[in-house]
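One letter stands for each residue in the lines below.
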Amino acid sequence: MSYQTAASHIPADRVSATCRITMAGYATSWHEHEEFMFLLPRRGALTLNSEHSKHAQRIAAGVLAVVPPRGFHETASNRGEHCHTAVYVQRDFVSFCARKVNAAMAGGDAPRYFTPSPALLGALHLHGQLSHVDAGAAADVADELPRYRQDLLDRLIASACVEVALSGAQNRAADAGLSREQLVDEIKGYLDAMLAERVDIDTIALEFGMSRRHLTRVFREQAGESITDYQMRQRVARAAALLNVPGTTVLAAAMSVGVESPSYLARLFNRFGMPLPRAFKA
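No experiment lies behind these values; they were computed from the predicted model shown.

Enquirer: Account for helix α8 (residues 227-243), with residues named and values stated.
Expert: For α8, spanning 17 residues, the distance from its first C-alpha to its last is 24 Å, which sits close to the expected 24 Å at 1.5 Å a residue. All of the buried residues in α8 are I227, Y230, Q231, M232, Q234, R235, V236, A239, A240 and L243.

Okay, here's the thing in structure tokens:
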């Protein structure tokens, strides 16, 4: 599903805008903004691709990505539950903040990656709380005050984003890409979430922006087994847990983990040295 973007997401009378995005299958086409964009995944991960980067970057929750103005880029979420915050900030406001601390935003057109500060996380938490309150408030009560408060809060969030970027303390792990251990942990999490579906190697490689050969080699070296063996072993473990729940049929357990038939599930139990649950014997 394509997310509609614009050259600017900031209202004419504001210096910034904070957007919380929850969208299944979130993805954008290649585009650019007139303003700075700060991206912070909250649940799930984002893939950020830029014309000025050597490769697409997978941004995990807890990493703040900064995309400079006129930076041509595209973004997409991983599968499953997803939420991220996008903060758009006018260039003049970034310059204003930089003058306040006698610093300058580092040059370059490629995205940069930072660890969000407690101040930024606190401001975003407050934004979420007040947005929930405003959504339930009567429309005819003090209309101007919530808008004024929202403007102040957007400025607070924007200044916290800029402060992180001006600190110069980049998140090296994000900038250089995930370590092999982190990458394989993310792949395992993806596979665990997709056990009920028939996900092949090519689909996994596309999801993580890797070649099929590189994906299978890194996974085997780090996990000590192939992706297929990991999937089958996890299916057996989950099916065994399901079959221990009273009333769960073998067919239901098999279907829940993407196995075509009870007989094939039984063969998988034997393959991995797992005793057949009582449900099979019954």
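From this point, the narrative continues.
Enquirer: I'd love a proper account of the environment of L130, names of residues and values included.
Expert: Tracing the backbone shows L130 in helix α2 (residues 118-136). When the C-alpha positions of L130 and R149 are compared, they lie 9.2 Å apart, and in sequence the two are 19 residues distant. Among residues more than four places away in sequence, those in contact with L130 are R149 and L153.

Enquirer: Got a sec to walk through the packing of helix α1 (residues 91-100) against helix α3 (residues 144-166)? Specific residues and values, please.
Expert: Interhelical geometry of α1 versus α3 gives an angle of 60° and a closest axis separation of 10 Å. Seen along the crossing, α1 lies across α3 with a hand that is right-handed. Across from F93, V94, C97 and A98 in α1, the residues of α3 making contact are R155, A158, S159, V162 and L166. Along the lines of polarity and charge, the residues of the contact of α1 with α3 split into seven nonpolar, one polar and one charged.

Enquirer: Outline the sheet that holds strand β4 (residues 57-59), listing residues and values.
Expert: Taken in spatial order, the three strands line up as β4-β3-β6 in an open sheet, and their pairing is antiparallel. At either margin of the open sheet sits one strand with a lone partner, and together these are β4 and β6 (73-77). With strand direction ignored, the average angle separating the axes of adjacent strands in the sheet is 25°.

What counts, and where the lines are drawn
Residues numbered from 1 in each chain as written. Predicted model: local features only at pLDDT ≥ 70, side-chain atom pairs only at ≥ 80, totals over all residues. Heavy atoms only, no water. Helix = DSSP H or I, 4+ residues; strand = E, 2+ residues; numbered from the N terminus. Expected span 1.5 Å × (residues − 1). Buried < 20%, exposed > 50% of the residue type's maximum accessible area, 1.4 Å probe, protein only. Contact = heavy atoms within 4.5 Å. Axes fitted to C-alpha atoms, helices over the stretch in contact; angles between N-to-C directions. Left-handed = near helix turned anticlockwise from the far one by under 90°. Nonpolar A, V, L, I, M, F, W, Y, C, P; charged D, E, K, R; others polar. Pairing = 2+ DSSP bridges.

Don't take any of this as a statement about function, it's just geometry.
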